[in-house]
Every structure is written in structure tokens, then in C-alpha cells.
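Structural description and commentary
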Amino acid sequence: MNISISTIGIVNANIPGQGTQDIANAGFDKVFLEFGVFCSPYELEEAGMPAKGERQSDRISVADEPSEMGPQSARMLRMCQEKRLRVSIARAPYLPRDTKRTDLQELLARLQEESIRCCGEAGCNYLVVRPLFAGISAGQEWEKNRVYYLRLAALAREHQVMILLENQCRFVNGHLIRGICSDGETAAEWVDRLNQEVKEERFGFCMDVGVCNLCGQDMHAFARALGKRIKAVVLRDCDGHRENSLLPFLCTYQGQPQTDWLNLIRGLRDIGFDGELALDLSGTASGFSPLLRPQLLTLAKAVAEYIRWQVEIETQLGKYPSVVLFGAGNMCRNYMKCYGEKYPPLFTCDNNPKLWGTSFCGLEVRPPEALKELPDGCGVLICNIYYREIEKQLRELDVKNIGFFNDEYMPSFHFDRLKEAGSDGEIG
Amino acid sequence: MAKSDEKGKTEAKEGMGSAGKFSDILGLGVQTKNVVEDENPAAGFRMLKAAGFSCADFSLNYYLTNVSLYRSQRNDFFDRSEQELERYFTPHRQGAREAGIRIHQMHMPYPIYIPNGRKELNEYLWKVVAPKSVAVSAFFDCYYLVVHGFKLARNLGSEEAEWEWTERFLHSIAPIAKEMGVTICIENLYSNAGGHLVEGPCCNGKKAAERIDRINDQYGAEVLGFCFDTGHANLVGLDFEEFITTLGQRLKVLHIHDNDGVGDLHQIPFTFTKTRENTASTDWEGFVRGLRAIRFDKVLSFETAPVLDSFPGEMKSEALAFIARIGEWFSRQLSS
């Protein structure tokens, strides 16, 4: 699974040096490029109309002249190359969701073609092209979009670009509801029909988590409906009501996340997602002072890696020839419920002497000293939220192959929880 | 309890206050909560009739509230035998008849299963409250009983696993429902993610339609139907038109109410706006298109009891009448 980050809110397209450097310094090596920075939704909204007031205009508008996309994106692409940032995924320009323009289908098609060319030059294999929606009457969505997407197929093939459809919201007088491609089964059908027509896998799907959240969707079911057609996931947080692109886990209310990360992770796990995980934190980044961006981006990288780790949790469990757990509480119980059969631990450990020699979820509970004599390659998985304290304890015991387990996003949960152990402050 | 007549025989088309001119719709309804009181139910039904309603959604759920159930508490209301429940509700049935109000639909207490709840309480809900609710429904000659599916996807791991539990519950009451001529209606619900209301049970129209058909085929009767809740649909951004047309004739019951897309407020339709243009932010046009497309010919029923909490008590009649006027407007849209 590749991790990339959107340049919006971080990189100034005209002066891209510092932003791209910040991204590279945070440890990213891939970026998610929005061609919308060269032709914004609101610029498109005014395409072909007389300039309002003092429109800044020493540059030619890409909305007026799509072929300008290449020259105007060249500086950004060059800078990415210089910083060793590969453009692994890009998104073509799009209209605002509340657009009044119903006459821009031809212009949009031309902009997508230019985006494909730019992707080809940058070696970017995935281009997100949002479905047409403005000016399309109910019942005509598939037919109009079919023509639109098929028009792009040959050029995409020439530049080795896969076109990704994306789930959309629909603007109903300020309320964003489910729009085109927001039904997983229908979206899957669209992708399949397009690929059948071009006789190759030229089309895939990009799942925008923000849109799913705005529409209150069951992301588990959505991901499963699309399966392997999902080539990219745009990872962003919002409060579920207003468009925003925040760093995941920032939107909380009373300590609970407002995006249903549990069902997203369950869904991506179920489909064995191994595509592009494109982080979009433009809203958060714009809100932070440029002085704090380097630290923010370091956190962003850690967040994306954590989500990848959660999605791939079974890979972590399967990498050891045998495992032992540390902890005889809820997390151990959850491990045993969901993974105990497939990855059976030899035993579990706990710091509570009262538990030594007892059995917990079918596992013998042993003292930490038992970890000194483990078979070769055996992994010790910490099943307790006091990870760092226990890790330190294990290192002092000279334990090798320390790993972590986490039960926040389990495939299923018990109906009850055991009472908290260690109320006396003891770990484990 | 007596078995009801076939729906087609007794579900005669009723007027909506003004000479039944909207012939495609069977009637206008609203919840009885906050209007029909146990002390004098006839007065409440008369008030509904005077406001312009011909039908009611009997709020059986308020005899055992979700608030108490989520606290793992219950009262003894459903400890009554079926005969005792009949006696208890006889004045209500009588009052409704005298006022010319038909109980078109009823809401079973919910939840009917409490995750992590006491075993005895869950068994009581499932084995006592549910079948007695069906019996009460039949007693009122009410053909449609709305139930909430179980909210267990988080624990069980998927919507499919959750539905299996709901289906097991439905099978437990389906034979009684069939015998009594009652159709159990599943409703689109929401779940909660940090205060953000997200898709819950029965929010996938295609799946709901398949499941309803399969179960009805199994019983050789319409034991299962659907209750479309506009407010819940609005909260999770469902496309009203698409959802309704997918359900088609499986749609038996409506819960019409409005909200801001954030909270389950159960307010009067057309109340909420989100832009400077002040146009309704709930897709009522899609709602009408959907109902029109499936030729909906049942009751336009409002689930707006909370409105009567927010308006001054002295304005109850006027508030109800206004809701009924909105129902008439919807009805005209459907018949035009």
C-alpha cells in the first residue's frame, strides 16, 4: 500500500520549493497532485465569463485555455522530481458541488485530457476523474458519463494512466447527500462496463472517505461492493456535515471520532486493499502556521502509517513463526476472539502475579520472565495500551521481536468488556 | 384476539378532511403521542380528526420507552395478558372509531434487543413485548407494525451478520403476524459515530427489497414491508427518490418528518434551510417524485410528535392542522 499526501494547503503551486521540501522531510516519497490548483472549481465556474473586477491576470486561465495546464504545472512537477517525490496519483479539475454551470462538459473533457497528458509526463499512473453531474438529467447519468469516460480511454492508454471514478455528493440546497457513484454496487457496475467496452482494465475507483462520511455511509459495505476495483482511497476527516479535509482522527466529539474509521478499516481489510492511500489534510494544513507545518506533516505521516498498519494487521500477525502475548485483559480477549484460531499464541504474560498459573481465554498466563526462553523467531505482541512502558520492560528483559497488537478496529467485538484491571496502577 | 379482515377489504379509501378529493392516497396520519392520552383517548382522536387527519400512527412505543430500555429498566405495562391489553386499549379503539380515525400503523417499542443488556430483559422484549405488540396491532385492526432492526454491526462485524439477528427476530413474530393479518415493517435507521449520525440498519434499499421478497415468499404472505423514514434518510444522505423507487410496492408505511441533517429532530417538513436562498435542505421534491413513481397509495403519516413539545400547548390544534395541510399538499402533488 502506497502512502501519498495531497499538496493542497502545503505547497504553493507558484513557489513550490518549501512545501515540497516539508513533505519530503516528513518522510513522504509520494504526492497526490490536484490539478485543481491550476484550475480551481471556482475558476471553472467563471469560465468564459467576463472577468469580475480586478481579476489577477498575468497568467492565462487554464479554464480559458486548457493547454496551459502543462506549462503551468511544469514548475510543480519539476520541484517534486527534485525532491524525489513521485506523483503517484492525481485528480483532474472539477466543478464545485453547487455549480450553476451546465454548459461545461466539453471544457471538462478537454481539461481531463490535459490532465492525462500531464500524468503521462510525470509518470503518474492514476488520475481521478469525477463523474459529470451538472446539467445531466435524472436517468441520463450513466449514458452521459459513459461517453465522457470512453472519450478519455485511448489517451489514458497512450499515457499508461488508469482513470479512477470517484464517489460524489449531491448538493441539495446546502445539504450534501449521496450523489453519482455513491452506491457501491452501481459504481462497481460502471467500472466493469467501462472496462468491458475498452477491453482492458483502464478504469478503477477512488474511494473518497470524506464523501462517504458526509453521506453517513457504511464504508465497510461500500468498500466490499467495489472490492478490487478500489485502486485509491482519499483519506480525510470531516464532521460529517460540511466539506473539509482534516487530518484523520482530528474530528471528534466527546472523545469519539466523527468519521467511522472502524468500518473503513474493516472494509479495506476485507478487500485486501493494496493501492494508493492518499492523505488529504488540506484543511488542517491551511489552519496551521507555516512554522508548524513540518511537525504537522510528521504527524500526518505517522497517522497514514498507522491506518496502513491497521488495514494490514494480519500481515503483522503472520510474520512470526509463533507468537506470545503480553497482557491478560480485554485486548488479549479480543485477540483470541478474532485471531486466536489463525495465529494461536503459545501463552500470554502478565505483570499481575495473581494471574500467573491461571488460564485466560484458553491461554496459560505466565510471568514476564517466561519470555526469556522463547523459540527462535517467536514474536511477543503487546496486548495492553501501556505499550511504551511494557516495551521498555521487555527490552530490559532482552526480549527480541517485540510487536504490537491493537483492538480498536477489530473485525468483531464482544458484547461486553471485562472490568479494568490494574486499578491499583499496576500494568497488565 | 380476532384475526383481522383482509387488508383490501377494510382499507377503503378515506377522505382527507375535505371530501376525499385526493383519491390516490388513503389518508393522512400522525402519531398519537402528545395528543391521545390514556385518561381520555376519545378527546385526542377528535382533535386529530378536527385537524384534518383520518388516520393515526399509534405510539405503542411510548408505553415502554427506549430511554428506559437503554438504562436496562422496564415497567410492567406488557406484563398484562393480551386480554388485559385489549381491555386497556378498548377506550382508545372506541375513541378512534367514534372520531373517524383509523389506526393505520403502530410502532413497536424499541430497541427489541439491547447489546450488553440483561438476558432476562432481552428475552422479555423478544418473547413478550414483540408478540403482544402484534396482538395489540391486530386488536386495533392496524395492519402495519413498525419495528426497529437490531443495531449490532459493530459487535458482529458486518451489516449482514446484524441482519441475521434481525431476521431471526422477525421469524419469531412472522407466524403470529401472518395469522393476525399484520405486516411487520422494517425501518431505515441510523447509528452514531461521535455524535455524527451515520447509516444504520435497513439503509440499503436493494438489500431491503430482496430480504422482504425472500421472507414473504417463505411465508406466502406479506408478513414484511418497509417503513420509509424521511428524517432518518435525510440524516444519512439517502437519495429519497432512488430509495423509494427501489422499494416500490414494498413500501407500506411512512414516517414523514424533517431535520437539519444533523440531529433526529422530527420537525415539520420544509422547516430547515442551509443557504441564503432559504430553500428547503431536505429533498422533498425527490420524496414526491419517488412516491409518484411507485404510485404510492397508502397513508401520508407524519412522525412529528416532538413538534407538539416545541409549540406552546395552546397551539396544539393549530400545529396539527398545519401538519395536516402539509399532508394535503403532498397528496395533491401525488395526485396531480
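Predicted model, so just to flag it, every value in this text is computed and none were measured.

About the criteria used
- Residues numbered from 1 in each chain as written.
- Chains lettered and ligands numbered in written order.
- Predicted model: local features only at pLDDT ≥ 70, side-chain atom pairs only at ≥ 80, totals over all residues.
- Heavy atoms only, no water.
- Contact = heavy atoms within 4.5 Å.
- Buried area = accessible area lost by both parts, 1.4 Å probe.
- Salt bridge = Lys/Arg side-chain N within 4 Å of Asp/Glu carboxyl O.
- Domains from an automatic or database assignment.
- Axes fitted to C-alpha atoms, helices over the stretch in contact; angles between N-to-C directions.
- Helix = DSSP H or I, 4+ residues; strand = E, 2+ residues; numbered from the N terminus.
- Parallel < 35°, antiparallel > 145°, perpendicular 65-115°, else oblique.
- Left-handed = near helix turned anticlockwise from the far one by under 90°.
- Nonpolar A, V, L, I, M, F, W, Y, C, P; charged D, E, K, R; others polar.
- Pairing = 2+ DSSP bridges.

The next point concerns the interface of chain B and chain A. Often, the extent of an interface is quoted as the loss of accessible area upon association of its parts. At the junction of the two partners, chain B supplies 34 residues and chain A supplies 33 residues. When the two sides are added together, the surface that chain B and chain A hide from each other amounts to roughly 2,800 Å², 48% of it contributed by carbon and sulfur. Of all residues in chain B, Arg154(B), Asn155(B) and His196(B) bury the most surface against chain A, accounting for 20% of the area lost on that side. Linking chain B to chain A there are six salt bridges. The salt bridge involving Asp183(A) is made with Lys206(B); its shortest N-O contact spans 2.9 Å.

To continue, consider the domain arrangement of chain A. On domain assignment, one finds that chain A holds domain 1 (2–311) and domain 2 (316–404). Relative placement of domain 1 of chain A and domain 2 of chain A: their C-alpha centres are 41 Å apart.

Before going further, it helps to examine the packing of helix H10 (residues 240–247) of chain B against helix H11 (residues 284–293) of chain B. Packed helix pairs are characterised by how far apart their axes lie and by the angle those axes make with each other. All names here are of chain B. The geometry of H10 relative to H11 is characterised by a closest axis approach of 7 Å and an angle of 20° between their N-to-C directions. The angle between H10 and H11 places the two elements in the roughly parallel class. As for how H10 packs across H11, the hand of that crossing is right-handed. Every residue of H11 that contacts H10 at Phe240, Glu241, Ile244 and Thr245 is listed here: Gly286, Phe287, Arg289, Gly290, Leu291 and Ala293. Here the residues of the contact of H10 with H11 are counted per class, giving five nonpolar, three polar and two charged.

Residues and elements named next belong to chain B. Reading across from one edge, S9-S8-S5-S4-S3-S2-S1-S10 is the order of the eight strands in this open sheet, with parallel pairing throughout. Each having just a single partner strand, strand S9 (251–255) and strand S10 (299–302) make up the two edges of the open sheet. Recorded for the sheet is a direction-independent mean angle of 30° between the axes of neighbouring strands. One ladder, built from four bridges, connects strand S5 (residues 183–187) with strand S8 (residues 224–229); its direction is parallel. Pairing of Cys185 across the sheet is with Gly225, part of S8. Taken strand by strand, helix H5 (residues 119–139) contacts strand S3 (102–107), strand S4 (144–147) and S5, and its axis lies near 150° from that of S4.

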